[in-house]
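Now for the letters of each chain:
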Amino acid sequence: MTLTCYRCGRTANEGARCDCGGPLWLDVDATDFSWPDGAPGPTTGVRRYADLLPVEPLPGVAAAAGGTPLVRVPRLDEFAGCRCWLKDESENPTGSFKDRGSAVGVAAAVRAGDDWVGTVSHGNMATSVAAHAAGTDADCLVLVPDDIPPERLGYVAQYDPEIVRVAGDYGRLYYDSLDLPGVRFLNSDTPHRVAGQKTTALEICEAFARDLSGEDEAPDAVVLPVSSGGHASAAWKGLRELRAAGLLDELPRLYLVQAAACDPIAAAYRVGDDEVETTTAKETVAYSIANPDPPSGTRALAAARATGGAVVSVSDDEILAAKRALARRAGFCVEPASATTLAGVRQLSAAGELAADDAVVAVATGTGFRESPTATARPETVELADLDGHVRSLVDG
Ligand SMILES: [Zn+2]
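Worth saying up front: this structure is predicted, and the values here are computed from it rather than measured.

Draft legend 1. Up close: the packing of helix 7 (residues 199–209) against helix 8 (residues 230–244). At a minimum axis separation of 7 Å, helix 7 and helix 8 run at an interaxial angle of 50°. On the basis of their axis angle, the class for helix 7 and helix 8 is oblique. The way helix 7 lies across helix 8 gives a crossing that is right-handed. Counted together, Thr200, Ala201, Leu202 and Cys205 of helix 7 and His231, Ala235, Gly238, Leu239 and Leu242 of helix 8 form the full contact between these two elements. Of the residues belonging to the contact of helix 7 with helix 8, the class tally is six nonpolar, three polar and no charged.

Draft legend 2. Up close: the sheet that holds strand 10 (residues 221–225). The six strands lie next to each other as 4-5-13-10-11-12, forming an open sheet whose pairing is mixed. Strands with a single pairing partner mark the edges of an open sheet, and in this sheet they are strand 4 (70–72) and strand 12 (310–314). Going across the sheet, the axis of each strand differs from the next one's by a mean of 25°, ignoring polarity. Its contacts with the sheet put helix 10 (residues 297–306) on strand 11 (253–259) and strand 12, and the angle it makes with strand 11 is roughly 135°. Taken strand by strand, helix 12 (residues 336–350) contacts strand 5 (83–88), strand 10, strand 11, strand 12 and strand 13 (359–364), and its axis lies near 110° from that of strand 12.

Draft legend 3. Quick look at the nonpolar core. Grouped together as the largest cluster of nonpolar side chains are 41 residues, with contacts concentrated most on Leu254, Leu256 and Val361. Ranked by the residues each element gives to this core, the list is headed by helix 7, at six residues.

Draft legend 4. Up close: a negative patch on the surface. Residues Asp115, Asp137, Asp139, Asp160 and Glu162 make up a contiguous surface patch of negative charge. For Asp115, the position within the fold is in the loop between helix 2 (98–111) and strand 6 (116–120). Since its relative accessible area comes to 55%, Asp115 is described here as exposed.

Draft legend 5. Molecular detail of the domain arrangement of the protein. The domain boundaries assigned to the protein delineate domain 1 (40–92 + 194–364) and domain 2 (98–193). Each of domain 1 and domain 2 was reduced to a C-alpha centroid, and the two centroids are 23 Å apart. Domain 1 puts 31 residues into the contact, and the matching count from domain 2 is 24 residues. Carbon and sulfur atoms supply 57% of the area buried between domain 1 and domain 2, which totals about 2000 Å² over both sides. The largest per-residue losses of area from domain 1 upon contact with domain 2 belong to Val55, Leu58 and Gln197, which jointly make up 27% of the total buried on that side.

Draft legend 6. Molecular detail of the coordination of the zinc ion. At 2.3 Å from the zinc ion lie its protein donor atoms, namely Cys5 (SG), Cys8 (SG), Cys18 (SG) and Cys20 (SG). In this structure, the zinc ion is surrounded by four donor atoms whose angles at the metal cover 104 to 124°, and the resulting shape is tetrahedral. Mapped onto the sequence, the donors of the zinc ion take the spacing C-x2-C-x9-C-x1-C.

Draft legend 7. Region of interest: the pairing of strand 5. By the criterion of burial, strand 5 is predominantly enclosed, with five of the six residues buried. Relative to strand 5, strand 4 runs antiparallel, the two being bridged by three bridges. Bridging from a neighbouring strand, Arg72 pairs with Trp85 of strand 5.

Draft legend 8. Structural view of the sheet that holds strand 3 (residues 24–27). If you trace the three strands from one edge of the open sheet to the other, you get 2-1-3, paired in antiparallel fashion. Every other strand in the sheet has two partners, leaving strand 2 (11–12) and strand 3 as the edge strands with one partner each. Note: strand 1 (residues 2–5) against strand 2, two bridges, orientation antiparallel. Within strand 2, the position partnered with Thr4 by the bridge is Thr11.

Draft legend 9. Just the packing of aromatic side chains, in detail. Summed over the entire model, instances satisfying the criterion amount to six aromatic pairs. Ring centres of Trp85 and Phe208 lie 5.1 Å apart, and the angle between their planes is 50°; on these two criteria the pair is classed as tilted. In this pair, Trp85 is assigned in strand 5 and Phe208 in helix 7, connecting sequence segments 123 residues apart. On the basis of relative accessibility, which here comes to 0%, the residue Phe208 falls in the buried class. Seen in terms of ring centroids, Tyr174 and Tyr175 are 5.3 Å apart; in terms of plane orientation they differ by 70°. Their pairing is edge-to-face. Residue Tyr174 is classed as buried on the basis of its relative accessible area, which comes to 8%. Owing to a relative accessible area of 30%, Tyr175 belongs among the partly exposed residues under this scheme. The residue whose ring lies beneath Arg370 is Tyr155, and the NZ or CZ to ring-centre distance is 5.4 Å.

Cut-offs used in this document
In this numbering scheme, every chain counts its residues from 1 along its sequence in written order. In keeping with the model being predicted, local features are shown solely for residues with a pLDDT of at least 70 and side-chain atom pairs are shown and tallied solely at 80 or more, while totals for entire chains, interfaces and linings include all residues. Side-chain metrics rest on all non-hydrogen atoms present in the structure, leaving aside hydrogens and water. Interaxial angle, 0 to 180 degrees, is taken between N-to-C directions of lines fitted to C-alpha atoms, where a helix line uses only the stretch in contact. Runs of E in the DSSP output that reach at least two residues are strands. Runs of H or I that reach at least four are helices, and both are numbered from the N terminus. Working rule for angles: under 35 degrees goes down as roughly parallel, over 145 as roughly antiparallel, 65 to 115 as roughly perpendicular, anything else as oblique. Here a crossing is called left-handed whenever its near helix is offset anticlockwise from the far helix by less than a right angle, and right-handed whenever the offset is clockwise. It only takes one pair of heavy atoms within 4.5 Å for two residues to be counted as in contact. Three classes are used, and their members are as follows: Ala, Val, Leu, Ile, Met, Phe, Trp, Tyr, Cys and Pro are nonpolar, Asp, Glu, Lys and Arg are charged, and the others, Gly among them, are polar. When DSSP finds two or more bridges between a pair of strands, those strands are recorded as paired. Among the buried residues, those of types Ala, Val, Leu, Ile, Met, Phe, Trp, Tyr and Cys that are joined through side-chain atoms within 4.5 Å form a nonpolar core. For the exposure calls, accessible area comes from a 1.4 Å probe over protein chains only, and a residue counts as buried if that area is under 20% of its type's maximum, exposed if over 50%, partly exposed in between. Think of a patch as exposed residues, more than 30% relative accessible area, with no salt bridge, where like charges cluster within 9 Å and nonpolar side chains (Val, Leu, Ile, Met, Phe, Trp, Tyr) cluster within 5 Å. Here the open area of atoms and residues is found with the Shrake-Rupley method and a 1.4 Å probe, where only the protein chains shown may cover a residue. For salt bridges, the criterion is a side-chain nitrogen of Lys or Arg within 4 Å of an Asp or Glu carboxyl oxygen. Lys and Arg are tallied as positive, Asp and Glu as negative. Neither His nor the chain termini are counted. All charge positions are set by atom: Lys at NZ, Arg at CZ, Asp at CG, Glu at CD. A domain assignment, automatic or from a database, supplies the domain bounds used here. Put simply, buried area is the surface a 1.4 Å probe can reach on two separate parts but cannot reach once they are joined, added for both. The rule for donors is simple: N, O or S, within 2.8 Å of the metal, or within 3.2 Å if the metal is Na, K or Ca. Water isn't counted, so a site may look like it is missing partners. A site with four donors is called tetrahedral when every donor-metal-donor angle falls between 85 and 135 degrees; four donors are called square planar, and six octahedral, when opposite donors sit more than 155 degrees apart and all other angles fall between 65 and 115; any other arrangement is irregular. Ring pairs are drawn from Phe, Tyr and Trp, using the six-membered ring of Trp, whenever the two centres fall within 6.5 Å, and their geometry is named by plane angle: stacked under 30 degrees, edge-to-face over 60, tilted for the rest. Put simply, a charge is over a ring when the Lys NZ or the Arg CZ is close to the ring centre, within 6 Å, and near the line of the ring normal, within 35 degrees.

Spelled out as structure tokens, the structure:
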């Protein structure tokens, strides 16, 4: 595997950034790749695509990463405005797609003999890296912003990593952490993390190719929330490898969705820029994707353009409406950041960008069960003796 700059094509021996400033990814010759034998699923997970990975994930919790369900959800078609599938990433061990990158990144560190892994995060990625490190002999360092309320760290702390609050520019910490001594940092767009996260796209395409999803040979579009741009870049990488292997004739369009309160990538797309500029973040319900300075933003923008997709942003009201639709119409509980995908699909359909018969996969990147519930219930109390009559009146309408 070779570290290659997606933008200028230069190669490097180490690091996460090219001399030109572009993020590096791990290139593999995928020409001879074919779908592995046997059915995909939770018993194989990310390891199923070991031929396209820089390192094989370790046994234990990493074996539970990936292999998530791809579910056709006709009950969401009307809301979505197209034929809707959900890729349910909440089935990962820590409830988000981050486990795919952690499985590969922690394996790379451990197999190289590193004693420490680390990350800069106070959300899904911190939880994921801490969990995957806990499944090995590696120690784990999690760097969080100084102003974080300690109660926000409960999910991370249960895996017992070393947590350090850092005062200063949190955006800059992302890059500075990569030069810290003795710790291999697995940040959101580092090459091994991106290599693991490309398996989302591989699984989606394999499910379609094997007719697990009906008559469609490939989805017309894949829709992802976008924050750092790491997952979107990874999806693009995976799709390109499948095309190189002859397993995809045409790449599905990649549509990326941001919260309007913090949408630097969508802003660059709207005005036709090739470079994503830093913005300021405002409050949004989709706080876990509110990234004002996305390290792989420009690469994600290129992914959307190269595949014929787009980058859009959605309001908090649209996000919450999509979250309710996922729960009430389909039975899925996702975090608001993941509901952006369905909100984006609805907007793209209304704009004519997606057609009613398009096969569209919305990637639900993380569980909503870590959130405080947004719905409340104050059910009335009925005496047991009156219950029969009460239920009769309910079911008779
Ligand atoms: Zn470069």
